[in-house]
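One-letter residues, chain by chain:
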Amino acid sequence: MLKSQILEKLSEKNKNLSSEDIDLLFSIFIKKISKSLKQGQNIEIRGFGTLSRKINKGKIVRNPKTNEKLFKDQSFKIHFKIGKILHKKINLLSILDQKNEF
């Protein structure tokens, strides 16, 4: 799903807000999540899931083209753990899709 599609769905459900307001709220939401993850905080959205930051340690890597050894600094990745409610909904939808195939 694209950002524009998300904003369109939000506009349909919130007729009292302008599209500019919805775009601003969505941008603030994304910036807040990004800032929290950058600071090392976890984000929990009940029923959806949890976002957390994991550390990839620095290590020596090899350039396959030149066979040169390089040191790669530590980096961070985002880990998502799905919430129970979302997990159940996804599994229920996949079961219903399988039944409709036959």
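None of these values were measured; they are calculated from a predicted model. (Residues numbered from 1 in each chain as written. Predicted model: local features only at pLDDT ≥ 70, side-chain atom pairs only at ≥ 80, totals over all residues. Heavy atoms only, no water.)

Asks: It is not clear to me how a nonpolar patch on the surface should be interpreted in this structure. Could you clarify?
Replies: Nonpolar side chains collect at one region of the surface, where Phe29, Ile30, Ile45, Phe48, Phe80, Ile82 and Ile90 lie side by side and expose about 570 Å² of accessible area between them. Elements with a contribution of two residues or more to the nonpolar patch: helix H2 (19-38) and strand E5 (75-82). Along the polypeptide, Ile45 turns up in strand E1 (residues 43-45). (Patch = residues over 30% accessible without salt bridge, like charges linked within 9 Å, V, L, I, M, F, W, Y side chains within 5 Å. Areas by Shrake-Rupley, 256 points an atom, 1.4 Å probe, with all protein chains shown as cover. Salt bridge = Lys/Arg side-chain N within 4 Å of Asp/Glu carboxyl O. Helix = DSSP H or I, 4+ residues; strand = E, 2+ residues; numbered from the N terminus.)

Asks: Hey, could you run me through the pattern of salt bridges in this one?
Replies: Any two side chains of opposite charge can pair, on the condition that their charged atoms come close. All told, the structure shown has 2 salt bridges when counted by the stated rule. Between Asp23 and Lys3 there is a salt bridge, and its shortest N-O distance comes to 3.6 Å. Of the two residues, Asp23 sits in helix H2 while Lys3 sits in helix H1 (residues 3-13), which places them 20 residues apart along the sequence. The partly exposed category is assigned to Asp23, whose relative accessible area is 31%. Given the relative accessible area of 41%, Lys3 is considered partly exposed. The partner of Glu44 in a salt bridge is Arg46, and the shortest N-O contact between them spans 3.1 Å. Assessed through its relative accessible area of 73%, Arg46 is described here as exposed. (Buried < 20%, exposed > 50% of the residue type's maximum accessible area, 1.4 Å probe, protein only.)

Asks: Which parts of the structure should I look at to understand the sheet that holds strand E2 (residues 49-56)?
Replies: What links the strands of a sheet is backbone hydrogen bonding, and the strands pair in either a parallel or an antiparallel sense. Within the open sheet, the 3 strands sit side by side as E1-E2-E5. Their pairing is antiparallel. Among the strands making up the open sheet, the edge pair consists of E1 and E5. With strand direction ignored, the average angle separating the axes of adjacent strands in the sheet is 25°. Two elements, E2 and E5, share 8 bridges in a ladder whose sense is antiparallel. (Pairing = 2+ DSSP bridges. Axes fitted to C-alpha atoms, helices over the stretch in contact; angles between N-to-C directions.)

Asks: Any chance you could explain the packing of aromatic side chains here in plain terms?
Replies: Centre distance and the angle of the planes are the two values used to describe a pair of aromatic rings. Scanning the entire structure with this criterion turns up 1 aromatic pair. Seen in terms of ring centroids, Phe48 and Phe80 are 5.3 Å apart; in terms of plane orientation they differ by 50°. Their pairing is tilted. Of this pair, Phe48 sits in the loop between E1 and E2 while Phe80 sits in strand E5; the two residues are 32 residues apart in sequence, bridging distant segments of the chain. Taking relative accessible area as the criterion, Phe80 reaches 36% and is therefore assigned partly exposed. Lying across the ring of Phe76, Arg53 places its NZ or CZ 4.0 Å from the centre. (Phe/Tyr/Trp six-rings, centres within 6.5 Å; stacked < 30°, edge-to-face > 60°. Lys NZ or Arg CZ within 6 Å of the ring centre and 35° of its normal.)

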